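# Chains, contacts and geometry: an overview
Here is what each chain is made of, one letter per residue.
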Amino acid sequence: MTTTALALLNQPSAEAPPHREGAAPWELVDPDAPHVRILDLGVTRGDGVFETISVGAGRPQALVAHLKRLARSAASLELPAPDLDAWEGAVRAAADAIDPVPEAYVKTVLTRGVEGDGRPTGWAYAAPADDFRAARRDGIRVVMLDRGYRHDVAQTSPWLLQGAKSLSYAVNRAVIREAKRRNADDVVFVSSDGYLLEGSTSNLLLRVGDTLVTPGTHLGILPGTTQGDLFAFAAQRGLGTDYALLRPEDLHSADAAWLVSSVRHAAPIRQVDGVDRPIDEEFTTALNAYLVARTE
Ligand code: PLP
């Protein structure tokens, strides 16, 4: 039985030397064996970038969008540009190597490598997805938490790397613990000047009448692959789509609201800061059916 698989990149970037001269671009290795050096800057500084890609019936979903975002995040951190052909091969190889399951994921990690070595480290790890049926069906409770940055932080202070999917996710984990302390499941970040941003690992999507609305991608948030695909789905169904500056009251008053992300897909928000709000079961089912069935 092969439940997990690991493809190790020999040369994660064409701009840096390979780890082994003349070896294949990636190699399937034992996922339970040690492969990362303890001085790797990804480990010691969180200095790297990652993606989590959902896999439906063996096929990586939104792969092109994820790889583009990996490259964008790497550029923000001034990492050597990932060789996207090698990464695509590694992602597909890892996804293919595990025993078939309806839903899985591949996590890609690109780090700056061992300090002074000049060769980035990269891998793609595949595993079955957790069971998110309850979150998709029954919904989640969120609390709004101040992120502490203004909504224009990406423009005023690009060195804070807001909007890059860096490995420094300790804050994104800490806020989940804070949410649990407040009897909630997840958070919606709000800028210090009062605009809705995103979830801890997801984008916020609202339905207002016949339009799906999400906070603008220039707000120092991650441009979501799931949100992008759901805008395409909405357009197919004749719904409008919009990127907007939104306030907390817009979340309370929306006809429906979701946190959307790869793997968990569309989780309807059923409570905000302790106040129940309606969920749209039928539309949520349609969103998740679409997301689970994507073949690319
Ligand atoms: N925002 C943040 C901070 C995230 O970490 C993620 C995904 O992990 C998302 C949004 C959603 O992105 P995607 O839909 O591409 O998974």
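Note that this is a predicted model, so its numbers are computed, not measured. (Residues numbered from 1 in each chain as written. Predicted model: local features only at pLDDT ≥ 70, side-chain atom pairs only at ≥ 80, totals over all residues. Heavy atoms only, no water.)

## As for the site of the ligand
Looking at the ligand, there are 15 residues lining it, with K165, Y169, T225, T226 and S262 nearest. A distance of 3.5 Å separates an oxygen atom of the ligand from a polar backbone atom of T201. Relative to its unbound accessible surface of 390 Å², the ligand loses 95% to contact with the protein. Listing elements by their share of the shell around the ligand, those giving two or more residues are α2 (63-76) and α7 (225-236). (Near = heavy atom within 4 Å. Polar contact = N/O pair within 3.5 Å; in protein donor to acceptor, adjacent residues only side chain to side chain. Areas by Shrake-Rupley, 256 points an atom, 1.4 Å probe, with all protein chains shown as cover. Helix = DSSP H or I, 4+ residues; strand = E, 2+ residues; numbered from the N terminus.)

## Description of α7
For α7, built from twelve residues, the straight-helix expectation of 16 Å at 1.5 Å per residue is met to within 8% by its first-to-last C-alpha distance of 17 Å. Those residues of α7 lying buried are T225, T226, Q227, D229, L230, F231, F233 and A234. Here the buried face of α7 lies against α2, β9 (203-208), β10 (211-215), β11 (240-244), β12 (256-261) and α9 (281-293). Immediately downstream of α7, the backbone of G238 shows phi near 80 degrees, a positive value. (Expected span 1.5 Å × (residues − 1). Buried < 20%, exposed > 50% of the residue type's maximum accessible area, 1.4 Å probe, protein only. Contact = heavy atoms within 4.5 Å.)

## Re the packing of α7 against α9
Across the interface, α7 lies against α9 with an axial gap of 11 Å and an inter-helix angle of 110 degrees. Between α7 and α9, the angle is such that the two are roughly perpendicular. Along this stretch, α7 crosses α9, giving a crossing that reads as right-handed. Residues T226, D229, L230 and F233 of α7 form the contact with α9, whose own contacting residues are F283, A286, L287, Y290 and L291. (Axes fitted to C-alpha atoms, helices over the stretch in contact; angles between N-to-C directions. Parallel < 35°, antiparallel > 145°, perpendicular 65-115°, else oblique. Left-handed = near helix turned anticlockwise from the far one by under 90°.)

## Considerations on the sheet that holds strand β3 (residues 48-56)
Taken together, the six strands give an open sheet; going across it, the order is β2-β1-β6-β5-β3-β4, and neighbouring strands pair in antiparallel fashion. Looking along the sheet, the strands with just one partner apiece sit at the ends: β2 (26-29) and β4 (59-60). Bridge count between strand β1 (residues 5-9) and β2: four bridges; the pairing is antiparallel. Within β2, the residue paired with L9 across the bridge is W26. Packing of α2 onto the sheet brings it into contact with β3, β4 and β5 (103-111), and relative to β3 it is tilted by some 175 degrees. (Pairing = 2+ DSSP bridges.)

## Quick look at the domain arrangement of the protein chain
According to the domain assignment, the protein chain consists of domain 1 (5-128) and domain 2 (133-292). At the interface, 24 residues of domain 1 touch 19 residues of domain 2. For the domain 1 and domain 2 pair, buried surface summed over both sides reaches about 1,600 Å², with 60% attributable to carbon and sulfur atoms. Considering only the side of domain 1, the residues that lose the most area to domain 2 are F50, R69 and E103, jointly responsible for 34% of the buried surface there. Connecting domain 1 to domain 2 are one salt bridge. Between R136 and E103 there is a salt bridge, and its shortest N-O distance comes to 2.7 Å. At the boundary of domain 1 and domain 2, one finds eleven residue pairs in polar contact (both at pLDDT 80 or more). (Domains from an automatic or database assignment. Buried area = accessible area lost by both parts, 1.4 Å probe. Salt bridge = Lys/Arg side-chain N within 4 Å of Asp/Glu carboxyl O.)

## Thoughts on the side chain of E198
Relative to the assigned elements, E198 resides in the loop between β8 (186-190) and β9. Within the local environment of E198, its side chain forms a polar contact with the backbone nitrogen of L222, the two atoms lying 3.1 Å apart. Those residues in contact with E198, other than ones at most four positions away along the chain, are R147, V187, V188, F189, N203, G220, I221 and L222.

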